Amino acid sequence: ASDRLRNKFRGCLVGAVLGDCFGANFEDTALRFISLEKVRKFTRERYQKQEVLLYTNDTAMTRSLADSLLSNGGFNGTDMAKRFAEEYFNDQSRFYGGHVPDVFYKLQMSNYTDPEGPANQQFDGSGSYGNGSAMRVTPVALFTHNRSIKEAQTLATKTSRITHTHPDGINGAIMQMLAVRESLMLNADQDLDVFAFLDKMLIYMEDIEHTLPTNITAAMEGMDEVEKNSAFGNGIVAIEAVPAAVMAFLCIARKPNNTFMDVIEYALSLAGDTDTVGSMAGAIAGCFYGYNLLPKGWIEKCEGTTYAFDQADKLFDYVMQHDK
Ligand code: R7I
Ligand code: MG
Ligand code: MG
């Protein structure tokens, strides 16, 4: 049982990197749709000609978040803020969101004394509702695997508030965390009960935001009739990207013969913010299928998969040692 869970931890973090790296190839917020045929030309053939597929800010920040939790044995806002900002200053080429660098500069200038202060000032004081805190929240679900939902939600919220304090930004992070948490408990050999998955999410999100899971339920029910990608949008804001990722996972993984690759390819076909939707769907799906079912060819081509693999093991060992 413990090997099985370790395999899920690995699948989760490596899956997130694969979605980011493959998604980065398609990111274009002007697009509404990419045909599966076109996606597969790249994901099944053309990628092999590349020397390496680079990861973006989604992976960079996920790493920093996990490293901070591990080295502090829990949340330390100053440390996490510092890791996010220093990672950005070390490498600004990772396609960060348009406004979040302001937060990093202010954090650095104030020497990280008030980790939430700069985020609170974004967008005239309403805070960012971009998907940037949902895109990196995955390690929270792993770190709190044996703890209560409440504790997991609180931790997701704290990690969000360093850059994203708008309720939509925070709720997006909570929703993505819950989807990964739920997927950790499932067995890919058994049928995926889509509506049970969504019902659980609805219960846990009741206090904070119930429209998102309801929308997904509606989209799932109408999936054969409606244009799949008109359900939520596919943009850079949390209320579009997170439901799109959860929906992509659910509507592909529910079919027994589908694979991790099918989930990612479908997620990328939604177009728009493909690296982020791909990465979030990749975390949920990687967790569901486990590392051993991820495509080896993809793992070899993507930058950062070894780091993610090792980090998953560290998180797993931490959880086993501390939360028995
Ligand atoms: O959310 P964030 O970290 O960006 C993440 C995205 C991911 O897709 C990455 O892959 C990368 O492409 O960036 O960065 P923010 O700058 O906080 O938010 C992203 C964008 O969302 C902003 O640049 C705005 O365009 C938009 N946005 C808002 N617009 C108006 N009012 C976010 N919050 C607001 C708002 O309150
Ligand atoms: Mg990115
Ligand atoms: Mg993106």
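Here goes a summary of the coordinates provided. (Residues numbered from 1 in each chain as written. Chains lettered and ligands numbered in written order. Predicted model: local features only at pLDDT ≥ 70, side-chain atom pairs only at ≥ 80, totals over all residues. Heavy atoms only, no water.)

1. Some details on the overall build of the protein chain
For clarity, the cut-off: Strands are runs of DSSP state E lasting at least two residues, helices are runs of H or I lasting at least four, and both sets are numbered from the N terminus onward. A radius of gyration in this sense is built from C-alpha atoms; the matching globule rule multiplies 2.2 Å by the number of residues raised to 0.38. In this scheme, a residue with accessible area under 20% of its type's maximum is buried, one over 50% is exposed, and one in between is partly exposed, where area comes from a 1.4 Å probe on protein chains only.
A count of helical and extended segments in the protein chain gives 16 helices and zero strands. Over its C-alpha atoms the protein chain spans a radius of gyration of 18 Å, differing by no more than 12% from the 20 Å that the globule rule assigns to 324 residues. If you line up the protein chain on its principal axes, its C-alpha atoms span 50 × 45 × 45 Å. In the protein chain, buried positions account for 60% of the 324 residues.

2. Structural notes on the site of ligand 1
How we decide: Only heavy atoms are used to decide nearness, and a residue is near a molecule or strand if one of them lies within 4 Å of it. Whenever two N or O atoms come within 3.5 Å, that pair is a polar contact, provided that in protein one can donate a hydrogen and the other can accept it, and provided that, for residues adjacent in sequence, both atoms are side-chain atoms. Accessible areas in this description were obtained via Shrake-Rupley with a 1.4 Å probe; residue shielding takes into account the shown protein chains only.
The immediate surroundings of ligand 1 are formed by 21 residues, with His99, Ser128, His164, Asp273 and Thr276 found nearest. Between Asp58 and ligand 1, the recorded distance is 2.8 Å, taken from a side-chain N or O atom to an oxygen atom. Here an oxygen atom of ligand 1 and a backbone polar atom of Gly132 are 2.9 Å apart. Burial of ligand 1 by the protein chains amounts to 85% of its free accessible area of 700 Å².

3. Regarding the coordination of the magnesium ion (ligand 3)
What counts, and what does not: Only nitrogen, oxygen and sulfur atoms count as donors, using a 2.8 Å cut-off from the metal that widens to 3.2 Å for Na, K and Ca. Water is left out, so coordination shells may look unfilled.
Only Asp273 (OD), Asp275 (OD) and Thr276 (OG1) from the protein reach the magnesium ion (ligand 3) as donors, at distances of 2.0 to 2.3 Å. Look at where the donors of the magnesium ion (ligand 3) fall in the sequence and you get D-x1-D-T. A gap of 3.6 Å separates the magnesium ion (ligand 3) and the magnesium ion (ligand 2), which Asp275 links by coordinating each metal. You'll find Asp273 and Thr276 in the same group, each marked buried.

4. Considering the coordination of the magnesium ion (ligand 2)
The magnesium ion (ligand 2) binds to the protein through Thr56 (OG1), Asn57 (OD1), Asp58 (OD) and Asp275 (OD), with metal-donor distances spanning 2.0 to 2.3 Å. A residue is classified by how much of its surface remains accessible, and Asn57, at 7% relative accessible area, is buried.

5. A word on the side chain of His145
This is how the line gets drawn: Should any heavy atoms of two residues lie within 4.5 Å, those residues are considered in contact.
Tracing the chain through its elements places His145 in the loop between α7 (138-143) and α8 (149-160). The residues contacting His145, other than those within four sequence positions of it, are Leu5, Phe9, Arg181 and Leu184.

6. Let's talk about the packing of aromatic side chains
Applied cut-off: Classification of ring pairs uses Phe, Tyr and Trp, with its six-membered ring standing for Trp, and accepts pairs whose centres are within 6.5 Å; under 30 degrees between planes counts as stacked, over 60 as edge-to-face, and the remaining range as tilted.
Counting across every chain of the model gives 17 aromatic pairs. On the basis of an interplanar angle of 65° and a centroid distance of 5.4 Å, the ring pair of Tyr88 and Phe89 is categorised as edge-to-face. Assessed through its relative accessible area of 23%, Phe89 is described here as partly exposed. Pairwise contacts between aromatic rings join Phe22, Phe26, Phe42, Tyr47, Phe260 and Trp298 into one cluster.

7. Topic: unusual backbone geometry
Positive phi, close to 60°, is recorded for Phe95, a residue that is not glycine. Among the structural elements, Phe95 can be located in the loop between α4 (77-90) and α5 (100-109). Positive phi is not limited to glycine here, since Phe123 has a value of about 50°. Checked against the element boundaries, Phe123 lands in helix α6 (residues 117-125). By relative accessible area, which is 41% here, Phe123 ends up partly exposed.

8. Some remarks on helix α9 (residues 167-184)
Let me state the cut-off plainly: A helix is expected to span 1.5 Å multiplied by its residue count minus one.
The terminal C-alpha atoms of α9, which comprises 18 residues, lie 26 Å apart, in line with the 26 Å expected from a rise of 1.5 Å per residue. Burial of α9 is extensive: 16 of the 18 residues sit out of reach of the surface.

9. Here we look at the pattern of salt bridges
Stated precisely, the cut-off is as follows: Should a side-chain nitrogen of Lys or Arg be within 4 Å of a carboxyl oxygen of Asp or Glu, the pair is scored as a salt bridge.
Under the criterion given, the structure shown has 14 salt bridges. With a shortest N-O distance of 2.9 Å, Arg6 and Asp317 are connected by a salt bridge. Here Arg6 is found in helix α1 (residues 2-24), whereas its partner Asp317 is found in helix α16 (residues 305-322), with 311 residues between them in sequence. Within the structure, one salt-bridge network assembled from shared partners comprises Arg6, Arg10, Asp313 and Asp317.

10. Some remarks on the packing of α9 against helix α10 (residues 194-205)
Quick note on the threshold: Here, axes are lines fitted to C-alpha atoms. For helices the fit covers the stretch in contact, and angles between N-to-C directions go from 0 to 180 degrees. The cut-offs work like this: below 35 degrees is roughly parallel, past 145 is roughly antiparallel, 65 to 115 is roughly perpendicular, and the gaps in between are oblique. Crossings are assigned a handedness: left-handed for a near helix turned anticlockwise from the far helix by less than a right angle, right-handed for a clockwise turn. For this classification, Asp, Glu, Lys and Arg are treated as charged, while Ala, Val, Leu, Ile, Met, Phe, Trp, Tyr, Cys and Pro are nonpolar and the rest, including Gly, are polar.
Packing of α9 against α10 brings their axes to within 10 Å, and their N-to-C directions diverge by 135°. Overall, the two elements α9 and α10 adopt an arrangement that is oblique. Pair α9 / α10 crosses with right-handed handedness. Taking contact as the criterion, the partners of Asn171, Met175, Leu178, Ala179, Glu182 and Ser183 in α9 are, on α10, Phe197, Lys200, Met201, Tyr204 and Met205. Residues belonging to the contact of α9 with α10 are distributed by class as follows: seven nonpolar, two polar and two charged.

11. Here's the deal with the nonpolar core
Let me state the cut-off plainly: By nonpolar core we mean a set of buried residues, namely Ala, Val, Leu, Ile, Met, Phe, Trp, Tyr and Cys, connected to one another through side-chain atoms within 4.5 Å.
Grouped together as the largest cluster of nonpolar side chains are 104 residues, with contacts concentrated most on Phe9, Phe104, Val246, Phe249 and Leu250. Per-element accounting of this core gives the leading share, 13 residues, to helix α12 (residues 238-253).

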